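As a plain string of letters, each chain reads:
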Amino acid sequence: KAGVTQTPRYLIKTRGQQVTLSCSPISGHRSVSWYQQTPGQGLQFLFEYFSETQRNKGNFPGRFSGRQFSNSRSEMNVSTLELGDSALYLCASSLVAGVTNEKLFFGSGTQLSVL
Amino acid sequence: ILNVEQSPQSLHVQEGDSTNFTCSFPSSNFYALHWYRWETAKSPEALFVMTLNGDEKKKGRISATLNTKEGYSYLYIKGSQPEDSATYLCAFKGAGGTSYGKLTFGQGTILTVHP
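Only a predicted model underlies this, so the values are computations on that prediction, with no experimental measurement involved.

Trainee: Report on the sheet that holds strand S7 (residues 62-67) of chain B, specifying residues and quantitative values.
Mentor: Residue and element names in this part refer to chain B. Read across the sheet, five strands follow the order S1-S3-S8-S7-S6 without closing on themselves; strand pairing throughout is antiparallel. The sheet terminates laterally at strand S1 (5-7) and strand S6 (56-59), the two strands that pair on one side only. Going from strand to strand, the sheet's axes swing by 15° on average, the running direction of each strand aside. Sheet topology note: the S7/strand S8 (residues 72-77) ladder contains six bridges and is antiparallel. When the sheet's bridge partners are listed, Leu-66 is paired in S8 with Ser-73.

In C-alpha cells form, the structure reads like this:
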C-alpha cells in the first residue's frame, strides 16, 4: 500500500509569488490535514479536510488556503508569499480522524524556501 | 492558547542506557495523546495513541504511560540503540468542535544515542 505522497519535495519561490502544494493520501483515507514546521516551532496545524469539506482551520492568515478533491487528494495554496512562509509543510492522512485512537500517517513533506 | 510542553529539549545517551521523556498537556478537554517518532530525512511515524487515564502502551523497547488527570505522559526507551536516535513528538487531541481533526504538537525531544 502506497504511503502519503507529497509533491513537490522542494520548492523555491520569491516574495509575492503564490505556491500550490499537493498531497495524495493513503488509498481509502478520507481525512487530510496539513501542518507547518518552522525552525524553533513545533508542528503547527494549518487545516483539515474530510470528504471535500474543511472541518477545522488553524491560526494562519487567509493567504493560506486549501481544498480536497473527490478522490481525497488535497492541495494547499499560499498566496503573496512572505519570507516567514519558508518552512517544511507536512501533510497527514487518516481514515476518518474522528475515531479516538486513530493515528496520522505523514508524508515526507514539501520544503518551501521563499527568497 | 493550548500548551503542550516536552522535556527535555534534547538528550544524549550512550548505547544501552534507558531513558525517558515527558509530555505535559492540558488536563481538561482531553480526547487523546499521540506519540510520534521523527527520524532525520523521514516522515513522522506514529508510536502510540493513548486515550484512557492510566493507559500503558508498549512497542518493543519503547513504552508510554498516560495520566490525564494531571496532564502528563511519559515515554520510556529501554536499552537505547543508535537507531533510536530521532525526534520524539507528543501531540494532544482535544475534545469538542474547535479541536476537530487537529493535533497540537509539542516542540519535541531530540534523542541522540551514541555507540
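Trainee: Describe in detail the nonpolar core, supporting the description with residues and values.
Mentor: If you look at the biggest cluster of nonpolar residues, it comprises 22 residues, and the most contacted ones within it are Leu-33, Trp-35, Phe-48, Leu-75 and Tyr-88 of chain B. When contributions to this core are tallied by element, the ones reaching two or more residues are strand S3 (19-24), strand S4 (30-38), strand S5 (45-50), S7, S8, strand S9 (86-94) and strand S11 (109-114) of chain B. When neighbours within four sequence positions are excluded, Leu-33 of chain B is seen to be in contact with Cys-23, Phe-25, Phe-48, Val-49, Met-50, Leu-66, Ser-73, Cys-90, Ala-91 and Phe-92 of chain B. In terms of nonpolar packing, the next biggest core, distinct from the first, is built from 21 residues, Cys-23, Val-32, Trp-34 and Leu-46 of chain A among them.

Trainee: I'd like to hear about the sheet that holds strand S1 (residues 5-7) of chain A, residue by residue, with values.
Mentor: The pairing of strands in a sheet happens through backbone hydrogen bonds and is either parallel or antiparallel. All names here are of chain A. One open sheet holds the four strands; their spatial order is S1-S3-S8-S7, and the pairing between them is antiparallel. Across the chains shown, the open sheet's two edge strands, defined by having one partner strand only, are S1 and strand S7 (64-68). Averaged over all neighbouring strand pairs, the angle between strand axes comes to 15°, with direction disregarded. Both S1 and strand S3 (residues 19-24) contribute to a ladder of three bridges, which runs antiparallel. Paired with Thr-5 across the bridge in S3 is Ser-24.

Trainee: Explain the interface of chain B and chain A to me, using residue names and the numbers behind them.
Mentor: With 22 residues of chain B at the interface, the matching set in chain A holds 24 residues. Both faces considered, chain B and chain A share a buried interface measuring about 1800 Å² in area, 58% of it formed by carbon and sulfur atoms. In this structure, the connection of chain B to chain A is made through zero salt bridges. Along the contact surface separating chain B from chain A lie five residue pairs in polar contact (both at pLDDT 80 or more). When contributions to the side of chain B that touches chain A are tallied by element, the ones reaching two or more residues are S4, S5 and S9 of chain B. Of all the elements, S4 of chain B adds the most residues to the side of chain B that touches chain A, at five residues. The residue makeup of the side of chain B that touches chain A, split by class, is 11 nonpolar, nine polar and two charged.

Trainee: Outline the environment of Ser-93 of chain A, supporting the account with residue identities and numerical values.
Mentor: Residue and element names in this part refer to chain A. With respect to the helices, strands and loops of the structure, Ser-93 is situated in strand S9 (residues 87-94). Looking at Ser-93, the relative accessible area reads 0%, which means it is buried. Along the primary structure Ser-93 and Gln-68 are separated by 25 residues, whereas in three dimensions their C-alpha atoms are 12 Å apart. A polar contact of 2.8 Å, which involves the side chain of Ser-93, links it to the side chain of His-29.

What counts, and at which threshold
Residues numbered from 1 in each chain as written. Chains lettered and ligands numbered in written order. Predicted model: local features only at pLDDT ≥ 70, side-chain atom pairs only at ≥ 80, totals over all residues. Heavy atoms only, no water. Pairing = 2+ DSSP bridges. Helix = DSSP H or I, 4+ residues; strand = E, 2+ residues; numbered from the N terminus. Axes fitted to C-alpha atoms, helices over the stretch in contact; angles between N-to-C directions. Core = buried A, V, L, I, M, F, W, Y, C linked by side-chain atoms within 4.5 Å. Buried < 20%, exposed > 50% of the residue type's maximum accessible area, 1.4 Å probe, protein only. Contact = heavy atoms within 4.5 Å. Buried area = accessible area lost by both parts, 1.4 Å probe. Salt bridge = Lys/Arg side-chain N within 4 Å of Asp/Glu carboxyl O. Polar contact = N/O pair within 3.5 Å; in protein donor to acceptor, adjacent residues only side chain to side chain. Nonpolar A, V, L, I, M, F, W, Y, C, P; charged D, E, K, R; others polar.

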